[in-house]
Amino acid sequence: MNKKTIIILAMSLLAINVRAQTDQMNKFIDGLMSKMTLREKIGQLNLMVAGDITTGGAMDTKVGSGVADGSIGGVFNVKGVDKIRTLQDIAVKKTKHGIPLIVGMDVVHGYETIFPIPLALSASWDLQAIERCAQISAMEASADGINWTYSPMVDIALDQRWGRVSEGAGEDPYLGSRIAETMVRGYQGDYSKNYNMMACLKHFALYGAVESGKEYNTVDMSKVRMYNQYLPPYKAAVEAGVGSVMSSFNLIDGIPATASSWLLNDVLRKQWKFNGFVVTDYGSIGEMEAHGLGDLKSNSAMALKAGTDMDMCSQGFIKTLEQSVNDGSVSVSDVDTACRRVLEAKYKLGLFQDPYKYLDSKRRKKEIFTQQNRDEARKIAAETFVLLKNKDNVLPLKHSQKVALVGPLADSRINMAGTWCVAYTPDRYSTLREIMKPDYYAQGSNVYADEATQKAGEFGKSIKRVNDAAALKEALEAAKNADVIVAALGETAEMSGECASRTDLSLPDVQKNLLKQLVATGKPVVLLNFSGRATEMKWESENVNAIMNVWFGGSETASAICDVLYGDVNPSGKLTVSMPQATGQEPLYYNHLPTGRPVAENTKNFAKYASNYLDVRNDALYPFGYGLSYTTFSYSDIRLSSSEMTRDGSIKATVTVTNTGNRDGDEIVQLYIHDKVASISRPVRELKGFKRIHLKAGESKEVSFDITSDLLKFYDVNLKEVLEPGQFDLMIGTSSLNNKSTLFTVN
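Residues numbered from 1 in each chain as written. Predicted model: local features only at pLDDT ≥ 70, side-chain atom pairs only at ≥ 80, totals over all residues. Heavy atoms only, no water.

A. Structural view of the overall build of the protein. Secondary structure assignment for the protein yields 23 helices and 27 strands. Against the globule reference of 27 Å for 747 residues, the protein gives a C-alpha radius of gyration of 27 Å, in line with a compact fold. The dimensions of the protein, computed from C-alpha atoms along their principal axes, are 75 × 65 × 60 Å. Within the structure as shown, the protein displays about 28,900 Å² of accessible surface, and the carbon and sulfur contribution to it stands at 49%. Averaging the locations of the 84 positively and 87 negatively charged side chains of the protein gives two centres separated by 3 Å. (Helix = DSSP H or I, 4+ residues; strand = E, 2+ residues; numbered from the N terminus. Rg over C-alpha atoms; globule rule 2.2 N^0.38 Å. Areas by Shrake-Rupley, 256 points an atom, 1.4 Å probe, with all protein chains shown as cover. Lys, Arg positive; Asp, Glu negative; His and termini not counted. Charge placed at Lys NZ, Arg CZ, Asp CG, Glu CD.)

B. Structural detail: the packing of aromatic side chains. All told, the structure shown has 23 aromatic pairs when counted by the stated rule. On the numbers, 4.4 Å between centres and 15° between planes, the contact of Tyr590 with Phe624 is stacked. Remark: Phe624 occurs in the loop between helix H22 (557–565) and strand E17 (633–635) and Tyr590 occurs in the loop between H22 and E17; sequence separation between them is 34 residues. You'll find Tyr590 and Phe624 in the same group, each marked buried. What links up through ring pairs into an aromatic cluster is the set Trp125, Tyr174, Tyr590, Phe624, Tyr672 and Phe690. A cation sits over an aromatic face here: Lys516 above Trp539, 5.5 Å from the ring centre. A cation over a ring is seen here: Lys608 above Tyr609, with NZ or CZ 5.5 Å from the ring centre. (Phe/Tyr/Trp six-rings, centres within 6.5 Å; stacked < 30°, edge-to-face > 60°. Buried < 20%, exposed > 50% of the residue type's maximum accessible area, 1.4 Å probe, protein only. Lys NZ or Arg CZ within 6 Å of the ring centre and 35° of its normal.)

C. Local environment of the nonpolar core. Core analysis: the biggest nonpolar cluster contains 165 residues, and Phe204, Val526, Leu528, Trp551 and Leu565 have the highest contact counts within it. Non-local contacts of Leu528, meaning those with residues more than four positions away in its chain, are made with Leu432, Val486, Ala487, Ala488, Leu489, Met548, Val550, Ile561 and Leu565. (Core = buried A, V, L, I, M, F, W, Y, C linked by side-chain atoms within 4.5 Å. Contact = heavy atoms within 4.5 Å.)

D. Up close: the pairing of strand E27 (residues 739–746). The sheet contact formed by strand E19 (residues 644–645) and E27 spans 2 bridges and is parallel. Its bridge partner being in E27, Met645 is matched across the sheet by Val746. Relative to E27, strand E26 (residues 726–733) runs antiparallel, the two being bridged by 8 bridges. Paired with Asp729 across the two strands is Leu743, which belongs to E27. What sits between E26 and E27 in their antiparallel hairpin is a turn of 5 residues. (Pairing = 2+ DSSP bridges.)

E. Spatial organisation of the side chain of Gln585. Residue position: Gln585 is located in the loop between H22 and E17. Polar contacts involving the side chain of Gln585 include one to the main-chain amide nitrogen of Gln581, which spans 2.6 Å. For Gln585, the residues in contact, after removing those within four places along its chain, are Pro580, Tyr613, Val616, Arg617, Asn618 and Asp619. (Polar contact = N/O pair within 3.5 Å; in protein donor to acceptor, adjacent residues only side chain to side chain.)

F. Focus on the sheet that holds strand E13 (residues 440–442). Pairing within the open sheet is mixed, and its 6 strands lie in the order E11-E16-E15-E14-E12-E13. The two strands at the open ends of the sheet, each matched to only one other strand, are strand E11 (386–390) and E13. Pairs of neighbouring strands in the sheet enclose a mean axial angle of 15°, with direction left out of account. Bridging between E11 and strand E16 (residues 546–549) involves 4 bridges; their strand directions are antiparallel. Note on E16: the bridge partner recorded for Lys389 is Ile547. Lying over the sheet, helix H19 (residues 468–480) contacts strand E12 (403–406), E13 and strand E14 (484–490), oriented at roughly 165° with respect to E13. (Axes fitted to C-alpha atoms, helices over the stretch in contact; angles between N-to-C directions.)

G. Representation of empty space enclosed by the protein in the model. Tallied over the full model, the rule gives 5 cavities of 30 Å³ or more. In this structure, the largest cavity encloses a volume near 110 Å³. Sorting the residues of the lining of the largest cavity by element identifies helix H5 (118–124) and helix H7 (173–188) as the ones contributing at least two each. By residue number, the principal contributor to the lining of the largest cavity is H7, which donates 4 residues. Put simply, the second largest cavity is a space of about 50 Å³. The wall of the second largest cavity is formed by Val108, His109, Gly110, Phe115, Leu121, Ile130, Cys133, Ala134, Ser137, Met183 and Tyr187. Every element with two or more residues in the lining of the second largest cavity is listed here: helix H6 (127–142) and H7. (1 Å grid on protein atoms, 1.4 Å probe; cavity = no way out; pocket = protein on both sides within 12 Å on 5 of 7 lines; lining within 4 Å. Points joined across faces, edges and corners; volume = space filled by probe spheres on them.)

H. Up close: the environment of Pro100. Looking at the secondary structure, you find Pro100 in the loop between helix H4 (81–93) and strand E3 (102–105). When the C-alpha atoms of Pro100 and Ile90 are compared, they prove to be 8.9 Å apart, with 10 residues separating the residues in sequence.

I. Structural detail: unusual backbone geometry. Following Ser151, the chain continues to Pro152 via a peptide bond in cis, the omega torsion being 10°. Across the junction of Leu395 and Pro396, the peptide omega takes the value 0°, indicating a cis bond. The residue Pro396 is located in the loop between E11 and E12 in this model. In this model, Tyr191 sits at a positive phi of 70°, which is unusual for a non-glycine residue. If you trace the backbone, Tyr191 turns up in the loop between H7 and strand E5 (198–204). Of note, Leu206 is a non-glycine position whose phi angle comes to about 75°, a positive value. With respect to the helices, strands and loops of the structure, Leu206 is situated in the loop between E5 and helix H8 (223–230).

J. Highlighting the pattern of salt bridges. Per the counting criterion, the structure on display carries 46 salt bridges. The salt bridge partner of Glu167 is Arg164, with a shortest N-O separation of 2.9 Å. A single burial state applies to Glu167 and to Arg164, both of which are buried. The residue Lys379 makes a salt bridge to Glu383 at a minimum N-O spacing of 3.6 Å. Residue Lys379 and its partner Glu383 are located together in helix H16 (residues 371–384), separated by 4 residues, close to a single helical turn. Residue Lys379 is classed as exposed on the basis of its relative accessible area, which comes to 54%. Classification of Glu383 by relative accessible area gives buried; the value is 9%. What you see here is one network of salt bridges that share partners, running through Lys79, Glu112, Asp144, Arg364 and Arg428. (Salt bridge = Lys/Arg side-chain N within 4 Å of Asp/Glu carboxyl O.)

K. Expanded view of the sheet that holds strand E4 (residues 148–149). The strand order E9-E6-E5-E4-E3-E2-E1-E10 describes an open sheet built from 8 strands, whose pairing is parallel. Looking at the sheet topology across the chains shown, the edges are occupied by strand E9 (277–279) and strand E10 (311–312). Where strand E6 (residues 244–247) meets E9, 3 bridges bridge the pair, whose relative direction is parallel. Each residue of the ladder has a partner; that of Val245, found in E9, is Val278.

L. Representation of the environment of Ile368 within the structure. Position of Ile368 relative to the elements: it lies in the loop between helix H15 (361–367) and H16. Of the residues examined, Ile368 reaches a relative accessible area of 7% and is grouped as buried. In this structure, the C-alpha to C-alpha distance between Ile368 and Glu112, residues 256 residues apart in sequence, is 6.7 Å. Filtering out sequence-adjacent residues up to four positions away, Ile368 remains in contact with Tyr111, Glu112, Glu140, Ala143, Asp144 and Arg363.

Structure follows, in C-alpha cells:
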C-alpha cells in the first residue's frame, strides 16, 4: 500500500468517525429538544453576568433563580470553581432537563498567570509560543471552572487612537490570520480534555475600523476592502474550527452587526460554513434602539432571524421572543435553530456527558500560577519587547553600572499585566523596581499633570499622585550619581483597551517634561515605553539614547525586562503596528493602496500637488516589521527557483541570512509581495510569509518560502477570489521597508 493510498484511507476513516459523532450528537439533541417547551428553549439563548456570587446564597441571586427556572443558559465573569459548581448544581439538579451551563470569561491573555497583551504577543511573531500561551490560559481557566473564553480578538486595527488595538494582532491580515488560527487551536484542542475550552472569535466584524479611532463609533467601508483587508483573520479562525463567534457593536451597511443577516448568515454560515453559535457583545441588542432601529422586541426578533443565537445581557430574547412567536414575527423554527446551536456547543464541550468536567477543585491547587507557567510567561514576554533605538550600544546594561530607575511605571504592581486580565492576582506580581533593585529610584512625575485625566486612564489601577515639582527634583537627584538612567514611562494599563481612545498619542505632558530633564543631565537614558498601541515618539527618537517598547508584558513583566536590559536575552520583537511621526497621520499602515499622486518613500521635502503633509513626512517613524537586536543580520540577494510561475503552480524564493554580530540572536525573516498590475488597485506591499530563526554569532542559514497561488489571490470587484496573470514584486528582509527585492511573472 503506497503513501497516497494510506493518506486517502486515513482521511476516509476520519470522515466516517466525524459523521458518526455528528449523528450521535444530532440524535441526542433531537431527543432533548422534543421535550423542551418554547420558554425553555429561549432560556438557553440568554447569557447573563454572574458577578461575585457567594456559594451559599447563589439561589437567592437573580442569576441563581434564573438558572433554576430555566431562563438562563449561560453565565460569565464568575471566578472560582466552588462558585461555578454551585451554579452548575442548580442547572443540573434543580431544572427539569438538567441542561448544564456554559461558563464564559474574558480570558484574553491569561488567567492568573498573565501573558503579554495580544498586541505584544503578535510582536514576537512566534506562533508556537502564542499557541502555548493559549494552551496555558485554557488550562488555568478550566482548572477554575471556566469552559468558554471570549478570545481571540482578531480585528484589524489601522488607527492607533483606538484603545482596543491592544487586544488584537496589529494591522496586517496575513499575520492576524496566522495568529487567529493558532490561538483557536491552543484554546480548543479537540475538546476531549478538561483543559480544552471553547474559543469565541471577536468582534465580527470590522470593529477595528471605527471612525476617528473612537470606541463604539460608526464603521462604513466597501465590501472589496472588507474581503481583502479586514475579513481574512475571521475566516482563518472559522476554518480552524472556532466554536463560537461574538458579533460586534458597529454597523455593517447601516445595520448593527448583531442583526446583519448578510454578515451572519450569508458570509459566516453560507460562504465560510461556520457551524458554531453566535453570541452578541455585552447588551448590543438593547443598544440597537440607540442606532434608531426599533424597540427591544422588534430588535430581538431582527437579531434572531439574522443569525444571532445567544443574547448577552440585553434580556431581549428571554423577555420578548415568546410574544414574537405568538404574533408571527418569529417562528418556532427560528428559536429551534438558535437553541440547537447553543446545545451543540455544550455537547461538543462534553458537558452533557459530564456537567462537572471542569469542576475538579484539585486542579485549581496544582495548575494555576505554577512556576512552570510563570517561566513560560517570562520567556515569551522577553520575545515581545521591541528595541527601537540603541545609540552607541547603551544596551545591554552592565551589572557594574550604577542605575537610576525613574518613572511612574517603575514601581507599579497593578499596571504590569495590562488591560483585560479580569482574573488576575496583582498582589502576586513583582514591580520593576523590586526585580531590578536599582541603585537609585524616584517616581519622577505623575502620569498626567491633570488629576482627572489621569484618573480616567487608570480605571481603578491607580498610581500614587505626587507633587510634580518635588518628584522631578527627586528624580534629578537620583540621576546625579548614576551611570545610566532607565525611564519607565508611557501609558498605564487602562489607557489602552476598551473605551480607551486617545486623540494624542505622544508621551503625556509631565512624563515628557521628566524625560526631557533626564536627557538634559547628559547621562545615557534608556526609555522603556509602556503602551498598548503604537505611540508617537518623534522627539524621543531624536534625543534619547535607547528606546525599547515593552508594551504590557503580563505577570512576569519585570523579570522579563531585566532579562533583556542586562543581555541575558537578546531582544527579537518586531513591530506589528506602524509607529507614527505624529498622531495626525492616523490611520497609518504599511500595506496601503497607491495613490495617483505619490511621493517617493522617505521623501523629506514637501511636494506640492502630491499626496503628502505640509509638516510631517508620509512614512512611519518606525515601520511595520521593524525591530533591532543586540546583534546584526545581513541578507543575500533573493534566489528564485524560477522567474515564471503558472497560476496553479508554485516557485521557491530563498535568501541566506547571516548573523554578522558577536552575539547569538533570533531574526524574523519577512516575505512581502506586490501585485504590479491588477483589475483593482492593490497594496504597495503585503506580508505573505515569515520565519523566526535562531543564528549563532557568525552563523548563516538559508531561508526559503514557497510562493503559491493562494498567497497571490485577492477578491476582485465582484468579490470573486482570483489570481490574475502578470508581474509581481517579491521582497524579503528584516522589515516592511528594509528588504531585498526581485521580480517574477505569473502566466
